[in-house]
Amino acid sequence: MSRRGFLAALAGAAMSASLPPARASAVDERRIKVAPGEARFSGEDGPPTAAWTYNGTIPGPALRLRQGQPVRITVENGLNEDTTVHWHGIRLPNAMDGVPGLTQPPIKPGESFVYEFTPPDAGTFWYHPHADSLVQLGRGLAGPLIVEEAEPAAFDRDLFWLLQDWRLTKDGQIAGGFGNMMDASMSGRVGNLVTINGTVPADLGVRAGERLRLRLANASLARMMALRFDGHRPVVLAIDGQPCDPHEPEDGRLVLAPAMRIDIVLDMRGDPGSRHAVIDDFYDGLAYTLTNLAYDKAFPFRSHPLDAPLALPRNPLPEPALANAMRQVIVLQGGMMGGGKLASVGGMMGMGMPGMNGGAAWAINGMSMTGDGHAGMAPQFTLERGATCHLTIRNETAWWHPMHIHGFSLSVLSRNGATVPHRQWQDTVLLAPKDVIECAFVADNPGNWMLHCHVADHQMAGLMTVFRAT
Ligand code: C2O
Ligand code: CU
Ligand code: CU
């Protein structure tokens, strides 16, 4: 039995010991309909904004699944263009990964596709389209996905903040102009309105003494975020769904690039009646208050901080064997350079994306794969099943890139030569301009997998590649 199969069997045994057998094996059935609808950024009674929705809501319904329990999700396409759903961060069979052309035929208008998988890892994930990604994500298609731990962890409340960034016109509608060369070759389509769970956030009511688990997910096309909780000390419990050693972030700032998730624990140590800002100050000179923590005036809910352990149980990830790893290097190239010039990129893969005004602006190792995924994308490299891949990602551009791997989670080893602490695993690794990251993973999941920048404009304009695990 493979290590993965063995771990899965172990996890299965643990599950069936703690759950009634009928429940553990029963397939969880869900339905999602993709269709045009409306967003209400300022609340139920506010003016509508035309958007694209999952089951009629922005964001889509929160899917709560159980670790080790099979799920079957029927997705029906009510748009008048092709779509797919990608279950971002879930280590699932390749055929369920939702990349059009590469892992499945696109879901045509009026048609359905049935996704079936068993989530191996508990944690915080999300789902989104992988067809016409820039437009579909930009028109609102995204939803939270939670895989619950077998044993519930000790928190007073478990909250999910799905953060979205919108570029709106003066009359409050989603601006067109997706994929223009400016956005594509620079920072991507950064918008002018940030929402939490589909609305402009009101204050978050909290009680002194309570312990929150807050699951943060950045579902923006391009906006990077760095959140600070004034007067509070968040502790990071998990990154991209994978538990790490609990730690306070550097300078108390939670850096959250597009597609990244961070689970934090927040002990509410403020005074009853007090109010504290949650600030995003990623971009120099453009800090803004995202929301406020507003304490109830009542007496503390608990007089001493809860002293339950913070660490979440680790997921069954295969440990890389670095000694005999296969080394691969990925170099990120292109984009706008100083003086308004596009860096020249090497070869181009002739798959010009209709709707992209400018074609390729970026490349990986001299090759530009544009769009979302196509049949016949040649893998950049091939890994033997079970082999450890030691992957170096080098950013030679002048821009930030959250690089995302499908089908696997990466053990992040070093950044610019310095060891990355806290035993972190990530599916989306943020590289600052000129950063070099080293990471590793075990190629235990066969198939052709995407590796791309999650700034949607960058992906569409060539910052994407494919590799194969046999
Ligand atoms: Cu979140 Cu290739 O995807
Ligand atoms: Cu993904
Ligand atoms: Cu990028």
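Bear in mind that the values here come from a model prediction, so they are computed numbers and not experimental data. (Residues numbered from 1 in each chain as written. Chains lettered and ligands numbered in written order. Predicted model: local features only at pLDDT ≥ 70, side-chain atom pairs only at ≥ 80, totals over all residues. Heavy atoms only, no water.)

## Section: the domain arrangement of the chain
As a measure of interface size, the accessible area lost when the parts come together is often cited.
Link 1 in the chain: Split by domain assignment, the chain resolves into domain 1 (28-148), domain 2 (157-295) and domain 3 (322-469).
Link 2 in the chain: The partner domain 3 presents 28 residues to the 28 residues of domain 2 that form the contact.
Link 3 in the chain: Both sides together, the interface formed by domain 2 and domain 3 hides about 2200 Å², and carbon and sulfur atoms give 62% of it.
Link 4 in the chain: Linking domain 2 with domain 3 are two salt bridges, by the criterion used here.
Link 5 in the chain: With a shortest N-O distance of 2.8 Å, R423 and D245 are connected by a salt bridge.
Link 6 in the chain: Those elements giving two or more residues to the side of domain 2 that touches domain 3 turn out to be α4 (181-185) and β15 (242-247). (Domains from an automatic or database assignment. Contact = heavy atoms within 4.5 Å. Buried area = accessible area lost by both parts, 1.4 Å probe. Salt bridge = Lys/Arg side-chain N within 4 Å of Asp/Glu carboxyl O. Helix = DSSP H or I, 4+ residues; strand = E, 2+ residues; numbered from the N terminus.)

## Some remarks on the layout of surface pockets
Link 1 in the chain: Volume-wise, the largest pocket comes out at about 790 Å³.
Link 2 in the chain: Lining the largest pocket we find 28 residues, and of these E250, R253, V255, R415 and Q424 sit closest to its centre.
Link 3 in the chain: Counting residues per element, the ones that place at least two in the lining of the largest pocket are β14 (235-239), β16 (254-256), β29 (410-415), β30 (418-419) and β32 (428-431).
Link 4 in the chain: Both domains that furnish three or more residues to the lining of the largest pocket are identified here as domain 2 (157-295) and domain 3 (322-469). (1 Å grid on protein atoms, 1.4 Å probe; cavity = no way out; pocket = protein on both sides within 12 Å on 5 of 7 lines; lining within 4 Å. Points joined across faces, edges and corners; volume = space filled by probe spheres on them.)

## A short note on the sheet that holds strand β1 (residues 28-39)
Adjacent strands of a sheet pair through backbone hydrogen bonds, lying either parallel or antiparallel.
Link 1 in the chain: Here we have four strands laid out as an open sheet, ordered β2-β1-β4-β6, and mixed in their pairing. At either end of the open sheet lies a strand with only one pairing partner, and these are β2 (49-54) and β6 (112-117). Strand-to-strand twist across the sheet, computed as the mean angle between neighbouring axes with direction ignored, equals 20°.
Link 2 in the chain: Where β1 meets β2, six bridges bridge the pair, whose relative direction is antiparallel. Across the sheet, residue E38 finds its bridge partner in β2, namely A50. (Pairing = 2+ DSSP bridges. Axes fitted to C-alpha atoms, helices over the stretch in contact; angles between N-to-C directions.)

## Topic: the coordination of the copper ion (ligand 2)
Link 1 in the chain: For the copper ion (ligand 2), the protein coordination sphere consists of H86 (NE2) and H404 (NE2), at 1.8 Å. Separated by 318 residues along the polypeptide, H86 in strand β5 (residues 86-88) and H404 in strand β28 (residues 401-405) bring together distant segments of the chain. The exposure classification of H86 matches that of H404, with both residues buried. (Donors = N, O, S within 2.8 Å, 3.2 Å for Na, K, Ca; no water. Buried < 20%, exposed > 50% of the residue type's maximum accessible area, 1.4 Å probe, protein only.)

## A word on the nonpolar core
Soluble, globular proteins show a tendency: their nonpolar side chains are buried together.
Link 1 in the chain: Core analysis: the largest hydrophobic core is formed by 115 residues, its most contacted members being W87 and F229.
Link 2 in the chain: Among the elements that line this core, the one with the most residues is strand β9 (residues 157-166), at six residues.
Link 3 in the chain: Non-local contacts of W87, meaning those with residues more than four positions away in its chain, are made with I32, L63, I73, V75, L92, M96, Y115, F117, W126, Y127 and L145.
Link 4 in the chain: Counting residues in each nonpolar core, the second largest holds seven residues, with V99, M369, M377 and M450 among its members. (Core = buried A, V, L, I, M, F, W, Y, C linked by side-chain atoms within 4.5 Å.)

## Structural notes on the pairing of strand β19 (residues 288-295)
Link 1 in the chain: Here β19 lies mainly inside the structure; six of its eight residues are buried.
Link 2 in the chain: Here three bridges tie strand β11 (residues 204-206) to β19, and the two strands are oriented parallel to one another. Pairing of G205 across the sheet is with A294, part of β19.
Link 3 in the chain: Looking at chain direction, strand β18 (residues 275-280) and β19 are connected through six bridges and run antiparallel. Pairing of I279 across the sheet is with T289, part of β19.

## Concerning the packing of aromatic side chains
Link 1 in the chain: A full pass over the atoms with the stated rule returns 14 aromatic pairs.
Link 2 in the chain: Here the aromatic rings of F381 and F467 are separated by 5.3 Å at their centres, their planes lie at 15°, and the arrangement is stacked. With F381 in strand β26 (residues 381-383) and F467 in strand β35 (residues 464-469), this pair connects stretches of sequence that are 86 residues apart. Of the two residues, F381 and F467, both sit in the buried class.
Link 3 in the chain: Arranged with centres 5.9 Å apart and planes meeting at 40°, the rings of F408 and F467 form a pair that is tilted. Here the residue F408 occupies a position in the loop between β28 and β29, and F467 occupies one in strand β35, the gap between them amounting to 59 residues. Of the two residues, F408 and F467, neither departs from the other in class, the shared state being buried.
Link 4 in the chain: Every member of this aromatic cluster is reached through a ring pair, and the members are Y54, W87, F113, Y115, F117 and Y127.
Link 5 in the chain: For R189, the ring lying beneath its charged end belongs to F178, and the centroid distance is 3.7 Å.
Link 6 in the chain: One residue, R207, lies across the ring of F301, its end atom 4.0 Å from the ring centre. (Phe/Tyr/Trp six-rings, centres within 6.5 Å; stacked < 30°, edge-to-face > 60°. Lys NZ or Arg CZ within 6 Å of the ring centre and 35° of its normal.)

## Some points on the side chain of T83
Link 1 in the chain: Mapped onto the secondary structure, T83 falls in the loop between β4 (71-77) and β5.
Link 2 in the chain: With relative accessibility at 1%, the residue T83 sits in the buried group.
Link 3 in the chain: Looking at T83, its side chain comes within polar contact range of the side chain of Q136, at 2.7 Å.
Link 4 in the chain: Those residues in contact with T83 that sit more than four places away from it in its chain are V34, N77, P106, I107, P129, A131 and Q136. (Polar contact = N/O pair within 3.5 Å; in protein donor to acceptor, adjacent residues only side chain to side chain.)

## Here's the deal with the pattern of salt bridges
Link 1 in the chain: In total, this model carries 30 salt bridges according to the counting rule given.
Link 2 in the chain: A cluster of three or more residues bridged by salt bridges with shared partners is formed by E149, D158, R213, R215 and D263.

## Digging into the coordination of the copper ion (ligand 3)
Coordination angles at a metal have ideal targets, namely 109.5 degrees for four tetrahedral donors and 90 or 180 degrees for six octahedral donors.
Link 1 in the chain: Only H401 (ND1), C453 (SG) and H458 (ND1) from the protein coordinate the copper ion (ligand 3), and they sit 2.0 to 2.1 Å from it.
Link 2 in the chain: In terms of primary sequence, the donors binding the copper ion (ligand 3) are separated according to H-x51-C-x4-H. A residue pair is termed long-range when its members are at least 10 positions apart, and H401 in strand β28 and H458 in helix α5 (residues 456-460) qualify at 57 residues. With respect to burial, H401 and H458 carry one shared label: buried.

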